[in-house]
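# Structure at a glance
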Amino acid sequence: MRAVVKYGQGDGEVELREVPEPTIGPQDVLVETQAAGVCGSDIEMWHHDVTFRVNTPVIQGHEFSGIIREVGREVQGFAVGDRVVSETAAYICGRCRYCLTGEYNLCPERLGFGYGTDGAFARYVRVPARCLHRIPEGVSFEHAALTEPACVAYNALVVKSRIRPGEPVLVIGPGPIGLFCVQIARLSGASPILLVGTEGDGKRLAVGRQIGAEVAVASAEEALAALQEVSEGYGAPLVVDAAGNSAALRLALEAVARNGQITKIGWGPAPVGFSLDLLLTKAATLQGTYSHTWRTWEAILSLLKTDALQMEPMITHQMGIEDWERAYRLVESREAVKVLLWPEG
Ligand SMILES: [Zn+2]
Ligand SMILES: [Zn+2]
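## Structural notes on the overall build of the protein chain
Check the secondary structure of the protein chain and you find eleven helices and 18 strands. Here the protein chain has a C-alpha radius of gyration of 20 Å; the compact-globule value for 345 residues is 20 Å, and the two agree. Overall, the protein chain is about 60 × 40 × 35 Å in size when its C-alpha atoms are taken along their principal axes. Going through the 345 residues of the protein chain one by one, you find that 56% of them count as buried. Accessible area for the protein chain stands at about 14900 Å²; split by element, carbon and sulfur atoms hold 49% of it.

## Observations concerning the coordination of the zinc ion (ligand 2)
Protein coordination of the zinc ion (ligand 2) is provided by Cys 93 (SG), Cys 96 (SG), Cys 99 (SG) and Cys 107 (SG), with donor distances spanning 2.3 to 2.4 Å. Relative to the metal, the four donor atoms surrounding the zinc ion (ligand 2) lie at angles of 103 to 117°, and the coordination shape comes out tetrahedral. Donor residues binding the zinc ion (ligand 2) come from one chain and are separated in sequence as C-x2-C-x2-C-x7-C. For the pair shown, Cys 96 and Cys 99 are each scored as buried.

## A few points about the sheet that holds strand S13 (residues 215-217)
With parallel pairing, the six strands of this open sheet are ordered in space as S13-S12-S11-S14-S15-S16. Each edge of the open sheet carries a strand with a single partner, namely S13 and strand S16 (285-288). The mean angle between the axes of side-by-side strands here comes to 15°, regardless of whether they run parallel or antiparallel. With three bridges connecting them, strand S12 (residues 193-196) and S13 associate as parallel partners. Its bridge partner lying in S13, Leu 195 is registered against Ala 216.

## A closer look at the sheet that holds strand S2 (residues 14-18)
Taken together, three strands build an open sheet; the order of strands is S2-S1-S4 and the sheet is antiparallel. In the strand order of this sheet, the two ends are held by S2 and strand S4 (58-59), each with one partner. Bridge count between strand S1 (residues 2-6) and S2: five bridges; the pairing is antiparallel. Bridged to Val 5 within S2 is Glu 15.

## With respect to the coordination of the zinc ion (ligand 1)
Of the protein atoms, only Cys 39 (SG), His 62 (NE2) and Glu 63 (OE) coordinate the zinc ion (ligand 1), at distances of 2.1 to 2.6 Å. Looking at Glu 63, the relative accessible area reads 1%, which means it is buried.

## Some remarks on the pattern of salt bridges
What the rule picks out here adds up to 13 salt bridges. Lys 338 is paired through a salt bridge with Glu 63; the nearest N and O atoms lie 2.8 Å apart. Pair noted here: Lys 338 is in strand S18 (residues 338-342) and Glu 63 is in strand S5 (residues 63-71), with a separation of 275 residues, a long-range link. Of the two residues examined, Lys 338 and Glu 63, each falls in the buried class. With a closest N to O distance of 2.9 Å, Lys 203 and Glu 335 form a salt bridge. Placement of the pair is Lys 203 in helix H6 (residues 202-210) and Glu 335 in the loop between helix H11 (324-332) and S18, with a sequence separation of 132 residues. Taken together, the salt bridges that share partners define one network made up of Glu 32, Arg 69 and Arg 123.

## Section: the side chain of Thr 33
As for its placement among the helices and strands, Thr 33 is situated in strand S3 (residues 28-37). In terms of polar contacts, Thr 33 uses its side chain to reach the backbone carbonyl oxygen of Ala 120, at 3.4 Å. Other than its neighbours up to four places away in sequence, Thr 33 contacts Phe 64, Ser 65, Gly 66, Ala 120, Ala 122, Arg 123, Val 125 and Pro 343.

## Topic: the packing of aromatic side chains
Per the counting criterion, the structure on display carries seven aromatic pairs. With a centroid separation of 5.6 Å and 70° between ring planes, the pair formed by Trp 46 and Tyr 328 is classed as edge-to-face. Placement of Trp 46 in helix H1 (residues 40-46) and of Tyr 328 in helix H11 is noted, with a sequence separation of 282 residues between them. Neither Trp 46 nor Tyr 328 differs from the other in exposure class; each is buried. Ring geometry for Trp 324 and Tyr 328: centres 5.1 Å apart, planes at 75°, overall edge-to-face.

## Quick word on helix H7 (residues 220-230)
Among all positions in H7, only Ala 223, Ala 226 and Leu 227 are buried. Looking straight down H7, one finds its buried side chains confined to an arc of 100°; they lie on one side. Relative to its buried face, H7 has exposed residues pointing more than 90 degrees away, namely Glu 221 and Glu 229. Check the buried side of H7 and you find it contacts S12, S13, strand S14 (236-241) and helix H8 (246-255). A positive phi of about 50° marks Glu 232, the residue just after H7.

Thresholds, definitions, all that
Residues numbered from 1 in each chain as written. Chains lettered and ligands numbered in written order. Predicted model: local features only at pLDDT ≥ 70, side-chain atom pairs only at ≥ 80, totals over all residues. Heavy atoms only, no water. Helix = DSSP H or I, 4+ residues; strand = E, 2+ residues; numbered from the N terminus. Rg over C-alpha atoms; globule rule 2.2 N^0.38 Å. Buried < 20%, exposed > 50% of the residue type's maximum accessible area, 1.4 Å probe, protein only. Areas by Shrake-Rupley, 256 points an atom, 1.4 Å probe, with all protein chains shown as cover. Donors = N, O, S within 2.8 Å, 3.2 Å for Na, K, Ca; no water. Tetrahedral: all angles 85-135°; square planar, octahedral: opposite > 155°, others 65-115°. Pairing = 2+ DSSP bridges. Axes fitted to C-alpha atoms, helices over the stretch in contact; angles between N-to-C directions. Salt bridge = Lys/Arg side-chain N within 4 Å of Asp/Glu carboxyl O. Polar contact = N/O pair within 3.5 Å; in protein donor to acceptor, adjacent residues only side chain to side chain. Contact = heavy atoms within 4.5 Å. Phe/Tyr/Trp six-rings, centres within 6.5 Å; stacked < 30°, edge-to-face > 60°. Arc of directions from axis to C-beta.

Structure follows, in C-alpha cells:
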C-alpha cells in the first residue's frame, strides 16, 4: 500500500511511499481507514519543527475513522465490519500510576499514532483493541474522524478548566482545536465567547462566528477591547491558548481576569521571552492539558450522535492521500479548517 511517510528528521522529509501492509498481534485489529484528518502537528512534523521525538520512518495521521477488516485472536467485543474510531495512545506501558488510574494519556512511555507508531495516512492501520470506540449509528466516517481534535478541546475545557455558564471565555487561535473549544464552551453555557486570530485567519474566524463565537477578531487589540467591554474591565475568567506561540500567551496574561485561569493547549518550540509576573499579580492559574482518555471519547461520540457539535463547517476540504502535500499547504496557509484524507482508490 502507499502511505504518507515521514522518513527523516529534517525539513520536508515526508513523501508518499510504498510500504508493506501492517500485520496485527493477538490484541490488535486491522482498520481500513475511511477518513483521516490533517492536524497542525502533521505540518510541524513535515518541517520537523517539533518538540517531541519522532520515530522515523513513520506513517503520519492520528485522527481517523475506519472499518475493522481483521481481528486478533485475543480481541473480544469487536468484529470484522465494525465501524470504529481510535484513540491516539497507540502504546502505553500499562504499569505506571497513570496507566493504572486511567490517566494513560500521561503515561511517560506513551507513543501516539503518526509519530511514535504508524498512523492512518494509508489504507490500513494496526490498532490495539483497547484504543477502539464504536461510531454511533447515523454518524458519518467524516465526522467521526474529527473525534480526536474535539476530544482535545473537551479535555482542555471540561476536564482541565473551570468553565461557568454565563461567564465569558476567550479562545486564542481559530484552528480546528480552537474552533472546537468555541463549540465546547458554547455547550458548557459560557457567554459571551470571544475568538481571536491574526491576519490571514479570515476564513477560520468566519467559521468561528458560524459555530458560536459572539466576537471573532483578527488582532489582540480588538480582542482586548471587546473583552474590556463585555466584562466591564474585569477580563475573562477563562482564557484558552489554542495557538501556542509567545504572543498568544502574552495576550492570555493580559486578558485573564484576576483569580482566572489560562489553559494552554497550543504547542510552541520557541522560548516565551517575557515576564510571567502578571500571572502572579493576578493570582491566575496557568494550566497545561494533554490529549484525552476513554471517557472523553465516549462523551464526544455522544455529542456527535445528538448533533450537538456542528461538524460541517469544520470540514473544508477532502482529498486522497496522493494529494497530501496540497492538503498540508492548505492547512499551513490557514485556507482550510480541517482537511480529510482518504486512502487511494
Ligand atoms: Zn491532532
Ligand atoms: Zn504507563
